[in-house]
Amino acid sequence: MARVQASDSLIPRQVFEVPPAEPNNSTADNGSQGSGVRMKKQIGLLDGVAIIVGVIVGSGIFVSPKGVLMYSGSIGQSLIVWVLCGVLSMVGALCYAELGTMIPKSGGDYAYIGTAFGPLPAFLYLWVALLILVPTGNAITALTFAQYLLKPFWPSCEAPIEAVQLLAAAMICVLTLINCYNVKWVTRVTDIFTGTKVVALLVIVGAGVWWLLNGNTEHWEQPFAGGVKDAGFIALAFYSGLFSYSGWNYLNFVTEELKDPYRNLPKAICISMPVVTVIYMITNIAYFSVLSPDEILSSDAVAVTFGDKMLGFLSWIMPFAVACSTFGSLNGAIFASSRLFFVGARNGHLPAAISLINVNCLTPVPSLIFLGVLTLLLLFIKDTYVLINYVSYVEALFTLISVSGLLWLRYKQPKTERPIRVSLALPIIYLIVCLFLVISSCSQSPYEVGIGTIIILSGIPVYYLTIHNPVKWLADTSQTINLWCSKFFICMPNQEKFD
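Since the structure is predicted, the reported quantities are computational estimates derived from the model, not experimental observations.

**A word on the overall build of the protein**
Consideration 1: Counting its secondary structure elements, the protein contains 21 helices and 2 strands.
Consideration 2: Within the protein, the fraction of its 499 residues that count as buried is 56%.
Consideration 3: Sequence-distant contacts, at least 24 apart, represent 83% of the contacts inside the protein between residues at least 6 apart.

See below:
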């Protein structure tokens, strides 16, 4: 894919000239020569594990595991779905490990689809991610954080929507500022809050074990009673489970900032995915031991209902745990997803200003601010949650396309170096399951699938008007914005070279 970068002539040398590299400056740390500006490789193996676990373990396991139970029909079948969702996510993550080490560029699906199938399919993924997936997901996470942090102050009713929105907006601004300032701060916040949410889950597990040891096993007498056999409902149960596992590919978005990606990317995946699967399994066992299926299905936040029943005067811990979990999850999501838009702009698929890097912090400040503004706007749209329903199948569709790209590249580029080469059975199994989920969603939720398809197709005219054959006044406007952002944010284009 051809890369379009902002011209150096747009940047005033007297303002943005970078001094020659010295032994202790930030560009020297990267092994750059001369005055090249690029993002530093600061993410180690433990940071990578924390990013994956931190992004995956968000609000899902605390708030809405009832979706799996609702569509699977029984406790036993629900647990099987949770395990299979973990296995499927692990298979997908291993496929992405091959893609990520073969194509060691940030951007995840966007980079892989572009390499395999060309710029238009890659842009369509970027279009959907930009329009709905990323900012809407971040907005919902921020709103969830605010709702549960304010819950102790309004214990018998919902907090005022204005207070929730303002707190959510403040959270987004704080995390955007942290991400702009220092990548090390980002990884420290991720590490701390990942540990916090794991401790909260261990409290749930400990309470569940204590409950079982006291002989309360009545919920396990007929674990498979009421299980459903309809393929459509089973697919919906998988969607609910996979939603709680979503984020396993986020480390692929920041491959260029990962130390020794050929070794650390697959290791981080192989460590984090089994850990998340085990945590989810034992947490659900604790839920099902303490709460009846009816109690789970009637609860909007299973962890809070669990805490009210088991923790007494310490029940406030659960809303606080949900808030901590969503805070850490959103921090990791902002960090990873901003790199998606950064790479898209670097390839000429978004305004060039979004591909600029701050010369002091070596972070993509314009991309982070752009994402933050989009997220803030979506906080004040009442139907934000509906947008997620429209594109739930779109995520599965583009993941399917990415894994298809793995098979296509093996055929098209058989001699390309692949530091990791997974068994051919893994991508084939993943494709079959994704096809089942996509086709089943078409029959069960035709309206949502139709809207999602329209959103994807709407990107085609945008591509031809702005990228393939750009309108002159749009190109001129983009250059003007690029120059202004270069001056205002003290940024330069990324100067790292790729093969």
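**Looking at helix α20 (residues 459-468)**
Consideration 1: Along α20, the residues that are buried comprise Gly459, Tyr463 and Ile467. What you see down the axis of α20 is that its buried residues fit within an arc of 45 degrees, all on one side.

**Thoughts on the side chain of asparagine 138**
Consideration 1: Take asparagine 138: it is sitting in helix α8 (residues 119-150).
Consideration 2: The residues touching asparagine 138, leaving out its near neighbours within four places in the chain, are Leu330, Ala333, Ile334, Ser337, Leu371 and Thr375.

**Looking at the pattern of salt bridges**
Pairing of side chains with opposite charge becomes possible as their charged atoms draw close.
Consideration 1: Considering all chains together, one arrives at 5 salt bridges under this definition.
Consideration 2: Linking arginine 418 and glutamate 98 is a salt bridge whose minimum nitrogen-to-oxygen distance equals 3.5 Å. Taken together, the residues arginine 418 in the loop between α17 (384-412) and α18 (425-444) and glutamate 98 in helix α6 (residues 75-102) connect sequence positions 320 residues apart.
Consideration 3: Looking at arginine 418, the relative accessible area reads 11%, which means it is buried.
Consideration 4: Sharing partners across several salt bridges, the network here consists of Glu98, Arg410 and Arg418.

**Here we look at the packing of helix α10 (residues 183-213) against helix α15 (residues 317-346)**
Consideration 1: Running from amino to carboxyl end, α10 crosses α15 at an angle of 145 degrees, the nearest separation of the two axes being 9 Å. Of the two elements, α10 crosses α15, and the hand of that crossing is left-handed. Across the interface between the two elements, Val183, Val186, Val189, Thr190, Phe193, Thr196, Lys197, Ala200 and Ile204 from α10 touch Met318, Ala321, Cys324, Ser325, Phe327, Gly328, Ser329, Asn331, Gly332, Phe335 and Arg339 from α15.
Consideration 2: Here the residues of the contact of α10 with α15 sort into 11 nonpolar, 7 polar and 2 charged.

**A look at the nonpolar core**
Consideration 1: Membership of the largest hydrophobic core comes to 151 residues, with the highest contact counts inside it found for Phe62, Ile204, Met273, Tyr280, Leu340 and Phe341.
Consideration 2: Among the elements that take part in this core, α8 stands out by supplying 19 residues, more than any other.
Consideration 3: Ignoring sequence-local partners within four residues, the contact set of tyrosine 280 consists of Ile56, Val57, Ile61, Trp82, Ser244 and Tyr245.

**A closer look at the packing of aromatic side chains**
Consideration 1: Here the structure, examined in full by the defined rule, presents 21 aromatic pairs.
Consideration 2: Between phenylalanine 123 and tyrosine 463, the ring centres sit 5.6 Å apart and the planes meet at 50 degrees, which makes this aromatic pair tilted. Taken together, the positions of phenylalanine 123 in helix α8 and tyrosine 463 in helix α20 put the pair 340 residues apart, joining distant regions of the chain. One exposure class covers both phenylalanine 123 and tyrosine 463, and it is buried.

**Brief notes about unusual backbone geometry**
Consideration 1: For leucine 362, which is not glycine, the phi torsion reads 55 degrees and is therefore positive.
Consideration 2: With respect to the element layout, leucine 362 can be found in the loop between β1 (356-358) and α16 (365-378).
Consideration 3: The class for leucine 362 is buried, based on a relative accessible area of 2%.
Consideration 4: With a phi angle near 55 degrees, isoleucine 490 is a residue other than glycine that sits in the positive phi range.

**Some thoughts on the packing of helix α12 (residues 261-290) against helix α14 (residues 302-310)**
Two quantities define a packed helix pair, namely the angle between the axes and the distance from one axis to the other.
Consideration 1: The contact between α12 and α14 brings their axes to 11 Å, and the two run at 55 degrees. Taken together, the axes of α12 and α14 are oblique relative to one another. The handedness of the crossing between α12 and α14 is left-handed. Contacts between α12 and α14 involve Ala286, Tyr287 and Val290 from the first element and Val302, Ala303, Phe306, Lys309 and Met310 from the second.

**So, the environment of threonine 477**
Consideration 1: Mapped onto the elements, threonine 477 comes out in helix α21 (residues 472-488).
Consideration 2: Within the structure, threonine 477 has its side chain in polar contact with the backbone oxygen of tryptophan 473 (distance 2.7 Å).

**Points about the environment of serine 106**
Consideration 1: When you line up the elements, serine 106 lands in the loop between α6 and α7 (109-117).
Consideration 2: Overall, the relative accessible area of 1% leaves serine 106 in the buried class.
Consideration 3: Each C-alpha atom, one on serine 106 and one on tyrosine 250, is 9.8 Å from the other, the two residues being 144 residues apart in sequence.
Consideration 4: Ignoring sequence-local partners within four residues, the contact set of serine 106 consists of Ala111, Asn252, Phe253, Val254, Thr255, Glu256 and Val343.

**Some thoughts on helix α19 (residues 446-457)**
Consideration 1: The end-to-end C-alpha distance of α19, which contains 12 residues, comes to 16 Å, matching closely the 16 Å that a straight helix rising 1.5 Å per residue would cover.
Consideration 2: Where α19 is concerned, the buried positions are Val449, Gly452, Ile455 and Ile456. Buried positions in α19, seen along its axis, are confined to an arc of 120 degrees and lie on one side of it. The exposed set on the far side of α19, more than 90 degrees from its buried face, consists of Pro446, Tyr447 and Ile454.

**With respect to the confidence of the model for the protein**
Consideration 1: In this model, the protein carries a mean pLDDT of 81, and residues with pLDDT of at least 70 account for 88%.
Consideration 2: For residues 1-35, every residue scores under 50 in pLDDT, and the model assigns this stretch 61 contacts once sequence neighbours within four places are set aside.

**Concerning a nonpolar patch on the surface**
Consideration 1: Where nonpolar side chains cluster on the molecular surface, the patch consists of Phe313, Leu314, Trp316 and Phe320 and spans about 470 Å² of accessible area.
Consideration 2: With respect to the helices and strands, tryptophan 316 occurs in the loop between α14 and α15.

**Brief notes about the side chain of threonine 283**
Consideration 1: Turning to its location among the elements, threonine 283 is positioned in helix α12.
Consideration 2: Apart from residues no more than four positions distant in its own chain, threonine 283 is found in contact with Ile61, Leu201, Ile204 and Val205.

**Comments concerning the environment of alanine 97**
Consideration 1: Tracing the chain through its elements places alanine 97 in helix α6.
Consideration 2: Of the residues examined, alanine 97 reaches a relative accessible area of 1% and is grouped as buried.
Consideration 3: If near-sequence neighbours (up to four positions away) are discounted, alanine 97 is found in contact with Asn252, Leu265, Pro266, Ile269 and Ile420.

What counts as what
- Residues numbered from 1 in each chain as written.
- Predicted model: local features only at pLDDT ≥ 70, side-chain atom pairs only at ≥ 80, totals over all residues.
- Heavy atoms only, no water.
- Helix = DSSP H or I, 4+ residues; strand = E, 2+ residues; numbered from the N terminus.
- Buried < 20%, exposed > 50% of the residue type's maximum accessible area, 1.4 Å probe, protein only.
- Contact = heavy atoms within 4.5 Å.
- Arc of directions from axis to C-beta.
- Salt bridge = Lys/Arg side-chain N within 4 Å of Asp/Glu carboxyl O.
- Axes fitted to C-alpha atoms, helices over the stretch in contact; angles between N-to-C directions.
- Left-handed = near helix turned anticlockwise from the far one by under 90°.
- Nonpolar A, V, L, I, M, F, W, Y, C, P; charged D, E, K, R; others polar.
- Core = buried A, V, L, I, M, F, W, Y, C linked by side-chain atoms within 4.5 Å.
- Phe/Tyr/Trp six-rings, centres within 6.5 Å; stacked < 30°, edge-to-face > 60°.
- Parallel < 35°, antiparallel > 145°, perpendicular 65-115°, else oblique.
- Polar contact = N/O pair within 3.5 Å; in protein donor to acceptor, adjacent residues only side chain to side chain.
- Expected span 1.5 Å × (residues − 1).
- pLDDT = per-residue confidence, 0-100.
- Patch = residues over 30% accessible without salt bridge, like charges linked within 9 Å, V, L, I, M, F, W, Y side chains within 5 Å.
- Areas by Shrake-Rupley, 256 points an atom, 1.4 Å probe, with all protein chains shown as cover.

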